[in-house]
Amino acid sequence: MQPAQQVLHDIVLSRSGDHIGWVEKTLAALRAGAPERELHVFLGLAPRRLGKADLNASHEERLAADAARPGWSLEDWSVDGAARVLALLVFQGARPFAETFKDLRRTADAAELIALYRGLPLYPEPETLHFEVGEGLRSNLKPVFEAIAHRNPFPRDHFDEHRWNHMILKALFVDSRLAPIVGLDERANPELARILREYAHERWSAGRKVSPELWRCVGPFAVDDPALADLERALKEGGAAARAAALALSASPHPAARELLRQRPEAEDIASGRLDWQSLEAA
Amino acid sequence: MYIDPHAHMISRTTDDYEAMAAAGIVAVIEPAFWIGQPRTYVGTYVDYLSSIVGWERFRAGQFGIRHYCTVGLNSKEANNEELAEGVMEWLPRFALKEGVVAIGEIGYDEQTALEDRYFRAQLELAKELELPVMVHTPHRDKKRGTTRSMDVIEEIGLDPSMVVIDHNNEETVAETLQRGFWAGFSIYPSTKMGNRRMVELLKQYGGERIIVDSACDWGISDSLGVPKTARLALESGVPEQTVRRVCYANALEVYGKSGQMREEDWLAPPEIDQRTLYAGNSILRGGREPIIGTEAQKRRDDLIIE
Ligand SMILES: [Zn+2]
């Protein structure tokens with residue numbers, strides 16, 4: 001298995017085109033303890049020289065990434081973003097990593113912020129980055145929030161329950177999908193189910209739609225009558241809400257849930273695998 | 001299709017963005033400037049620069065408008081030496097951010113020695129990084145301040161074709177154009193330029209190297225300064241070609257020299273941008289009559305808030 005930094009290094013160099021000499025030379029300098037200004041200039045020039053195209057990772061590259069860091073996906077990575085993360089990993093600064101990161105985050109433009117947070121699964125001393133990750137989660141820039149929340153194993157691996165639950169709730173608030181969140185089922189918990197049911201009640205009272213994906217985190221904890229009543233209500237809405245409620249019922253350990261599901265047309269699709277959370281459409 | 005190359009959107013509301021988009025504005029440039037209240041810490045200035053390269057750019061994108069900015073230490077705050085020194089240390093880092101199209105707006109306010117020092121230092125930075133410059137000319141003692149700005153720029157050795165001298169009026173325009181600079185005009189009620197005067201200037205000078213902007217900010221100003229002036233000019237018989245140059249093409253040409261602003265940004269946004277930072281469409285609005293203010297009007301008339 002290749003270490004993560006090596007995987008990223010090979011990917012970036014293979015996308016560097018005519019600028020491969022510049023990339024190699026700068027990386028060597030950063031590794032040899034060049035001043036931080038060199039890092040800033042590289043971060044500024046990366047999109048100008050390497051372009052901002054999608055990384056379009058190959059099957060082999062994806063496998064190598066996931067093997068190096070389980071859950072690390074190259075799906076939303078861009079060429080300049082990958083180069084930026086690599087430079088930061090290679091840089092041998094005098095200060096602790098979290099301090100360098102903070103400084104870069106404070107002055108970053110949106111694309112830089114996205115790149116910095118996409119790199120989270122690769123950074124050293126992850127436990128020192130909690131404040132920085134919190135700043136990103138609080139961002140009003142939805143793509144920055146999603147750089148942390150989506151296709152990123154960092155939250156699954158390092159968030160406590162409180163932060164995890166609030167990330168899920170915020171995702172719903174900003175109309176973001178839940179399906180791309182790594183560890184969504186593993187990290188589900190009774191407290192989250194309670195918060196989400198209350199949120200659904202609020203939405204219903206306001207006459208607004210409830211994201212069908214919400215029920216995914218409720219299903220396994222739908223063990224009492226009020227929770228089942230909520231799922232019944234969603235079933236009655238029909239469409240994606242009903243499909244989601246049916247999926248949630250199939251995850252509930254409660255016998256009454258199985259009973260409710262048995263009478264539904266969705267039951268067969270679930271049993272046959274035609275309907276699952278990945279295939280469920282957004283609200 | 002219009003560009004407003006001088007708009008302090010950080011001080012404007014979403015109604016402005018909606019109205020601007022509806023009126024055909026596809027791109028704005030936000031110059032770093034004074035925000036009405038002096039900053040007393042370097043850190044607040046740094047956060048301000050971060051806002052205009054990050055958040056405001058995103059916000060504009062959600063209304064289908066592309067947002068660019070210029071970074072610099074403005075003339076008023078150049079008089080706080082401690083602040084100025086700090087800001088100068090951070091500026092090189094911001095100058096290479098995405099969408100930064102110039103160093104600006106810089107220049108003179110009261111024409112003090114400190115203003116002169118930091119104006120020169122920033123011109124040197126623009127020269128080093130090969131970036132265009134946006135020059136703010138002073139409200140008071142305007143004619144002399146404008147001439148002096150151009151003298152200093154020539155002395156530093158910047159190419160006038162890389163420099164926009166903004167907030168021109170009838171008294172300054174001839175010299176600005178004659179010396180080879182771009183001449184910006186801010187359609188700003190009471191203190192700078194009215195658009196009837198602007199139309200007269202267009203009739204007299206044509207469209208070469210003239211740029212119209214709104215300079216809208218936290219004061220009483222009009223975010224539709226550019227489209228309104230365009231319409232008034234067309235109705236007054238100014239050729240369409242001239243209007244297109246002063247309300248669109250000239251700004252694109254000079255600020256495009258930064259390499260950070262291209263017509264494709266709004267005509268055919270890259271997919272990665274559309275997915276994340278820009279919620280607009282790539283439909284050409286050119287050739288269609290601008291609909292001024294309808295969105296904002298609709299919002300005012302609609303009683304129901306949901
Ligand atoms: Zn201004």
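Residues numbered from 1 in each chain as written. Chains lettered and ligands numbered in written order. Predicted model: local features only at pLDDT ≥ 70, side-chain atom pairs only at ≥ 80, totals over all residues. Heavy atoms only, no water.

An unreviewed UniProt entry lists chain B under the name Tat-linked quality control protein TatD, from Nitratireductor thuwali. Recorded in UniProt under Sequence similarities (unreviewed entry), the annotation for chain B is "Belongs to the metallo-dependent hydrolases superfamily." (UniProt positions renumbered as here; feature names shortened; annotations may be inferred.)

Student: Now, about the overall build of chain B: what can you tell me, with residues and values included?
Tutor: From N to C terminus, chain B includes 13 helices and 8 strands. Here the C-alpha radius of gyration of chain B, 18 Å, is about what a compact globule of 306 residues would show, namely 19 Å. Projecting the C-alpha coordinates of chain B onto the three principal axes gives extents of approximately 55 × 45 × 35 Å. In chain B, 75% of the contacts between residues at least 6 apart in sequence involve partners at least 24 apart. Looking at chain B as shown, the accessible area adds up to about 12,500 Å², and 49% of this sits on carbon and sulfur atoms. Distance between charge centroids for chain B: 2 Å, based on 34 positive and 48 negative side chains. (Helix = DSSP H or I, 4+ residues; strand = E, 2+ residues; numbered from the N terminus. Rg over C-alpha atoms; globule rule 2.2 N^0.38 Å. Contact = heavy atoms within 4.5 Å. Areas by Shrake-Rupley, 256 points an atom, 1.4 Å probe, with all protein chains shown as cover. Lys, Arg positive; Asp, Glu negative; His and termini not counted. Charge placed at Lys NZ, Arg CZ, Asp CG, Glu CD.)

Student: Quick rundown of the overall build of chain A? Include the residues and the values.
Tutor: Helix and strand counts for chain A stand at 16 helices and 0 strands. In terms of its C-alpha atoms, chain A occupies a principal-axis envelope of roughly 65 × 35 × 30 Å. Within chain A, the proportion of its 283 residues that are buried is 54%. In chain A, the proportion of contacts linking residues at least 24 apart, taken out of those at least 6 apart, comes to 70%. (Buried < 20%, exposed > 50% of the residue type's maximum accessible area, 1.4 Å probe, protein only.)

Student: Help me get a handle on the coordination of the zinc ion, residues and values and all.
Tutor: Residues and elements named next belong to chain B. Protein coordination of the zinc ion is provided by His6 (NE2), His8 (NE2) and Glu105 (OE), with donor distances spanning 2.1 Å. Summarised as a motif, the one-chain spacing of the donors to the zinc ion is H-x1-H-x96-E. Here His8 is found in the loop between strand 1 (2-4) and helix 1 (14-22), whereas its partner Glu105 is found in strand 4 (residues 100-107), with 97 residues between them in sequence. (Donors = N, O, S within 2.8 Å, 3.2 Å for Na, K, Ca; no water.)

Student: Could you give me a rundown of the interface of chain B and chain A, with the residues and numbers involved?
Tutor: Each partner contributes residues to the interface: chain B has 24 residues there, and chain A has 23 residues. Together, the buried faces of chain B and chain A total about 2,100 Å²; carbon and sulfur atoms form 53% of this surface. When the buried surface of chain B facing chain A is broken down by residue, Arg93(B), Leu96(B) and Glu98(B) rank first, second and third, together holding 30% of it. Inspection of the chain B/chain A interface yields 3 salt bridges. We note a salt bridge from Lys97(B) to Glu112(A), for which the minimum N-O separation is 2.7 Å. (Buried area = accessible area lost by both parts, 1.4 Å probe. Salt bridge = Lys/Arg side-chain N within 4 Å of Asp/Glu carboxyl O.)

Student: Outline the pattern of salt bridges, supporting the account with residue identities and numerical values.
Tutor: Side chains that carry opposite charge are capable of pairing whenever their charged atoms lie near each other. Residues and elements named next belong to chain A. According to the stated counting rule, one finds 39 salt bridges over all chains in the structure shown. Where Glu36 meets Arg95, a salt bridge forms, and the shortest distance between an N and an O atom there is 2.7 Å. Here Glu36 is found in helix 3 (residues 36-50), whereas its partner Arg95 is found in the loop between helix 5 (79-90) and helix 6 (97-106), with 59 residues between them in sequence. A relative accessible area of 33% means that Arg95 is categorised as partly exposed. Here Arg105 and Glu132 are joined by a salt bridge, their closest N and O atoms 2.7 Å apart. Highlighted residues: Arg105 in helix 6 and Glu132 in helix 8 (residues 130-137), separated in sequence by 27 residues. Comparing Arg105 with Glu132, the two get one shared label, buried.

Student: Can you break down the packing of aromatic side chains residue by residue, with the values?
Tutor: As enumerated under the stated definition, the model contains 16 aromatic pairs over all chains in all. Connected via pairs of aromatic rings, a cluster forms that spans Phe97(A), Phe101(A), Tyr117(A) and Tyr123(A). Arg39(B) extends its terminal NZ or CZ atom over the ring of Tyr45(B), reaching a point 4.2 Å from the ring centre. Sitting above the plane of the Trp34(B) ring, Lys76(B) keeps its charged end 4.4 Å from the centroid. (Phe/Tyr/Trp six-rings, centres within 6.5 Å; stacked < 30°, edge-to-face > 60°. Lys NZ or Arg CZ within 6 Å of the ring centre and 35° of its normal.)

Student: Tell me about the packing of helix 5 of chain A against helix 7 (residues 110-118) of chain A, residues and numbers included.
Tutor: Residue and element names in this part refer to chain A. Between helix 5 and helix 7, the least distance of the axes is 9 Å, while the angle of their chain directions is 60°. It follows from the interaxial angle that helix 5 and helix 7 lie oblique. When you trace helix 5 past helix 7, the crossing you get is right-handed. Contact with helix 5, carried on its side by Gly81, Arg84, Val85 and Leu88, involves Ala111, Glu112, Ala115 and Leu116 of helix 7 and no other residues of that element. (Axes fitted to C-alpha atoms, helices over the stretch in contact; angles between N-to-C directions. Parallel < 35°, antiparallel > 145°, perpendicular 65-115°, else oblique. Left-handed = near helix turned anticlockwise from the far one by under 90°.)

Student: Which residues make up the environment of Ala98(A), and what are the values?
Tutor: Residue placement: Ala98(A) occurs in helix 6. Sequence separation between Ala98(A) and Glu125(A) is 27 residues; the distance between their C-alpha atoms is 8.0 Å.

Student: So what's going on with the environment of Asp276(A)? Residues and values would help.
Tutor: All names here are of chain A. With respect to the helices, strands and loops of the structure, Asp276 is situated in the segment after helix 16 (266-272). Judged by relative accessible area, which is 34%, Asp276 ranks as partly exposed. Sequence separation of Asp276 and Ser73 is 203 residues, and the distance between their C-alpha atoms is 21 Å. A polar side-chain atom of Asp276 sits 3.2 Å from the main-chain amide nitrogen of Gln278. (Polar contact = N/O pair within 3.5 Å; in protein donor to acceptor, adjacent residues only side chain to side chain.)

Student: Could you give me a rundown of the state of the cysteines, with the residues and numbers involved?
Tutor: Residue and element names in this part refer to chain B. Throughout the structure, instances matching the rule amount to 0 disulfides over all chains. Summary of cysteine pairing: Cys247 is not part of a disulfide, and the nearest cysteine sulfur, belonging to Cys216, is at 14 Å. A relative accessible area of 3% places Cys247 in the buried class. (Disulfide = S-S within 2.5 Å.)

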